[in-house]
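# Breakdown of the fold
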Amino acid sequence: MTNYFQSDIPLNQAEFCVLDTETTGLAAGRNNIIEIGIVVVKNLKISEKYHSMINPGRHIPANITMITGITYDDIKDAPFFEDIANDITEFINDKVLTAHNLSFDKSFLRKEFLSTENMLPKVHELCTVKLAKKVFPELSSKSLGSVCRHLRIKNSEAHRALSDAEVTAKILIKMIKKLQKEKGITNLQELLDIQQSTYTQAIFSSKKKKLQEDVNSLPNAPGIYYFLNSKNDIIYVGKARSLQKRVKSYFVSNSQRKAKKIAKQAKRVKVEITNTELTALLAEAELIKLISPKHNRQLKRYGNKYFLRINKTHKFPNLEITNHFDFDGNDYFGLFISRDKAKTILEIIDKTFELRECTNREFLKSKACFLAEIERCTVPCTNKNLDLYKGELKKVYDFLYGKNSHALDRLLKKMKLYSSQLKYEKAAEVKALIDLILAQTHKSSLLSEPVNSANVLFEIKGEFNNDYFLMLNGKIHIKNYVLGNGNFDEALEDYFTSTINLKYLPTDEDLEKMKIALNWLIKNRNKVRIFYLKNYSTKEELFSELSKFNSSRVHSENKIFEIQELLQTN
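Note that the coordinates shown come from a computational prediction; the quantities given were computed from them, not determined experimentally. (Residues numbered from 1 in each chain as written. Predicted model: local features only at pLDDT ≥ 70, side-chain atom pairs only at ≥ 80, totals over all residues. Heavy atoms only, no water.)

### Structural notes on the overall build of the protein chain
Convention followed: Helix numbers and strand numbers start at the N terminus; a helix is a DSSP run of H or I with at least 4 residues, a strand a run of E with at least 2. Relative accessibility under 20% of the residue-type maximum defines a buried residue, over 50% an exposed one, and the middle range a partly exposed one, all with a 1.4 Å probe and only protein chains included. Note on contacts: a residue pair qualifies if any of its non-hydrogen atoms lie within 4.5 Å across the two residues. Throughout, the Shrake-Rupley method with a 1.4 Å probe supplies accessible areas, and for residues the shown protein chains are the sole cover considered.
Within the protein chain one finds 23 helices and 15 strands. Scored against the burial criterion, the 570 residues of the protein chain give a buried share of 51%. In the protein chain, of all internal contacts separated by at least 6 residues, the share reaching a separation of at least 24 is 67%. When the accessible surface of the protein chain is split by element, carbon and sulfur atoms take 47% of a total near 29,100 Å².

### A look at the sheet that holds strand E11 (residues 331–336)
Note the cut-off: By this definition, two strands are paired if DSSP reports at least two bridges between them. Every angle, taken between N-to-C directions, lies between 0 and 180 degrees, and every axis is a line fitted to C-alpha atoms, over only the stretch in contact when it is a helix.
If you walk across this open sheet you meet the three strands as E10-E9-E11, and the pairing is antiparallel. Single-partner strands in this sheet number two, and they are strand E10 (319–322) and E11. Put simply, the sheet's adjacent strands are angled 25° from each other on average, direction ignored. Inspection of the sheet shows strand E9 (residues 306–310) paired to E11 by five bridges, in the antiparallel sense. Pairing of Tyr-306 across the sheet is with Phe-336, part of E11.

### Some thoughts on the packing of aromatic side chains
Worth spelling out the cut-off: Side-chain rings of Phe, Tyr and Trp, where Trp is taken by its six-membered ring, are said to pair if the distance between their centres is within 6.5 Å; with planes under 30 degrees apart they count as stacked, over 60 as edge-to-face, and otherwise as tilted. Counting as a charge over the ring demands two things of the Lys NZ or Arg CZ atom: a distance within 6 Å of the ring centre and an angle within 35 degrees of the ring normal.
Using the criterion set out here, one finds 19 aromatic pairs in the structure. Considering the side-chain rings of Phe-307 and Phe-325, the 5.1 Å spacing of their centres and the 80° angle between planes classify their relative orientation as edge-to-face. Placement of the pair is Phe-307 in strand E9 and Phe-325 in the loop between E10 and E11, with a sequence separation of 18 residues. The exposure class assigned to Phe-307 is buried, which follows from its relative accessible area of 0%. With 5.8 Å between their ring centres and 55° between their planes, Phe-333 and Tyr-401 make a pair best called tilted. Here Tyr-401 lies in the loop between helix H17 (386–400) and helix H18 (405–420) and Phe-333 lies in strand E11, a separation of 68 residues in the sequence. Under the relative-accessibility criterion, Phe-333 is labelled buried at 1%. The aromatic ring of Phe-363 is capped on one face by Arg-356, whose charged end is 4.9 Å from the ring centroid.

### Details of a positive patch on the surface
We count it as follows: Patch building starts from residues that exceed 30% relative accessible area and form no salt bridge, then joins like charges within 9 Å and nonpolar side chains (Val, Leu, Ile, Met, Phe, Trp, Tyr) within 5 Å. In what follows, salt bridge is the name for a side-chain nitrogen of Lys or Arg lying within 4 Å of a carboxyl oxygen of Asp or Glu. Asp and Glu count as negative and Lys and Arg as positive, but His and the ends of the chain are not part of the count. Charge coordinates come from a single atom per side chain, which is NZ of Lys, CZ of Arg, CG of Asp or CD of Glu.
On the surface, a cluster of positive charge is made up of Lys-231, Lys-258, Lys-261, Lys-294, Arg-297 and Lys-300. By the secondary structure assignment, Lys-261 is in helix H11 (residues 257–265). Taking the relative accessible area as the measure of exposure, Lys-261 reaches 47% and is therefore partly exposed.

### Some remarks on the layout of surface pockets
Put simply, the rule is: With a 1 Å grid laid over protein atoms only, a set of points is called a cavity when a 1.4 Å probe fits there but cannot get out and a pocket when it is open yet has protein on both sides within 12 Å along at least five of seven lines; lining residues have an atom within 4 Å of a point. Grid points are joined across faces, edges and corners, and a volume is the space filled by probe spheres set on the points.
A volume near 640 Å³ is recorded for the second largest pocket. Together, 20 residues line the second largest pocket, and Lys-351, Arg-376, Lys-414, Tyr-418 and Val-430 are the ones closest to its centre. Residue assignment for the lining of the second largest pocket shows that the elements contributing at least two residues are helix H13 (339–352), H18 and helix H19 (424–439). Per-element tally for the lining of the second largest pocket: the top contributor is H19, with six residues.

### Some words on the sheet that holds strand E7 (residues 234–240)
Strand order in the open sheet made by the three strands is E7-E6-E8, with antiparallel pairing throughout. Two strands in the sheet have a free side with no partner beyond their single neighbour: E7 and strand E8 (268–273). Across this sheet, the average inter-strand angle for adjacent strands is 20°, counted without regard to direction. Pairing between strand E6 (residues 223–228) and E8: six bridges, direction antiparallel. When the bridges of E8 are listed, Phe-227 appears paired with Val-269.

### Details of helix H6 (residues 144–151)
The set of residues buried in H6 consists of Leu-144, Ser-146, Val-147, Cys-148 and Leu-151. One or two residues past the end of H6 sits Arg-152, with phi positive at roughly 55°.

### Some words on unusual backbone geometry
In this structure, Ser-292 takes a positive phi of about 55° despite not being glycine. With respect to the element layout, Ser-292 can be found in the loop between helix H12 (277–291) and E9. Positive phi is not limited to glycine here, since Val-379 has a value of about 60°. In this structure Val-379 comes out as buried when scored by relative accessible area, which is 14%.

### Some remarks on the confidence of the model for the protein chain
To keep it simple, the criterion reads: Across the chain, each position has a pLDDT score giving the predictor's confidence in that residue, from 0 to 100.
Looking at the protein chain as a whole, its pLDDT mean stands at 85, while 90% of the residues score no less than 70. With pLDDT under 50 throughout, residues 1–5 is counted as low confidence; its partners more than four residues away or in other chains account for 13 contacts. In the predicted structure, residues 551–560 sits below a pLDDT of 50 and forms 16 contacts with residues beyond four places in sequence or in another chain.

### Remarks on the side chain of Ser-163
Using the following cut-off: We call two N or O atoms a polar contact when they sit within 3.5 Å, provided that within protein one can donate a hydrogen and the other can accept it, with sequence-adjacent residues counted only if both atoms are side-chain atoms.
Counting through the fold element by element, Ser-163 comes out in helix H7 (residues 161–182). Residue Ser-163 is classed as buried on the basis of its relative accessible area, which comes to 11%. One polar contact links the side chain of Ser-163 to the main-chain amide nitrogen of Glu-157, over a distance of 3.2 Å. With residues up to four places along the chain from it excluded, the contact list for Ser-163 reads Asn-155, Ser-156 and Glu-157.

Have a look at this one:
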């Protein structure tokens, strides 16, 4: 067994107690553990598992049930923490206490042990979030889900303690093996040091002094960066939330193979600062298609795009997937980067709400189908009840606008009903659907209008200056766009003078911009304000509303070079 003071033992002799807890809330001071999962890693293999529900002595908040699926019925007969404290102590003793975001789990364990008049065992500690920051600096998010996706590790029951602990153990094993191979670490102390070290310190060849000067002078600001070779050809274009951090990551000892290849061929690096990461993201996609650098493989072509269409031309509208949208009187929601993602949302709607799923031809037969028997349709083909159907359709629109409380309430009631009837398989199916709703972040939830009829101004908060994006009939216009072709002022003027010509449908480039913009905006909604143009009579009225909340901002002139000048040399 590992003694707490022995930290120089070989890694294959170290034992790790990898754990995860589910709790009644985020603050340990006023909340309790309701579930614990422990996985023991020995000789870099999973050797033992432990799981227990825990009675917190209180009801579980509804939002926790929505996330975890754990109800009061699950914990009412479970042991209290004091009943299993000794078991947990046995697992922790003489091992390295490990968790993804260890400080969170440790704060709850410390609180629970103190409540039993005991102390959390003192052992070595390892946080896999901290370790992931050193091992995977290229990942923008080091969350458990993000690292799992990066390493292609499947988490069958996210937000359940044992499943989360097991995938954390698998992540730990992969990171240790990577460090052994790339850094040559051999003992536990070296591993513990890395989570607090300057492991990502940049390294340069002595022959590339100008490149090093370029990198050392980079600002901590969003923008686009270009790697140039000795012939001044652009070999790679990228975007960054922080130019300084992103470009430096190419020159660290643990960078990925592709990054090392680019760094080896690079002679200089040039950057262009943008107001926000989103502007950089859009410019990157456009520049890659324009320049076609040899090391940019993604974004060279326009990707797939799919929408959900509500067929309003029918008296009883149904939903279907389509790969384009039109101004044809129907409503389109999206857009989705793959057919599978669109199918996922359609599946949620079909299983949660009671719209018809039949074709128009089947509807004309006026014969109820299987969905009527299982109460998954209002059966408009036979009852012709338009008001009932419109009520259900409104709930679908609310869901597509991001209001999922009705859907979750309906599914939670259904899950509890199945559980009370001992229909556990059906309850598990509903639980999976709830998890799916909570996990999905789809583009349409940002807007309270269908994308084909949304005329919206987005204000995106920047460090020095804000960005302004105009979405009109499927086209994106950007104020003071870095590539100089945003047509923002002209498009806004056209809208308020009613001169927009709807016959010009969005191009592939327009849809690509929409896809990128909506995807970023939904993930960064705390930085975004939305103004629906239909609420304003004039451009001046809109600007007046904008100015109400804008504080004075310092304008940054810190631009390294002009993009157009660089493009002219290639």
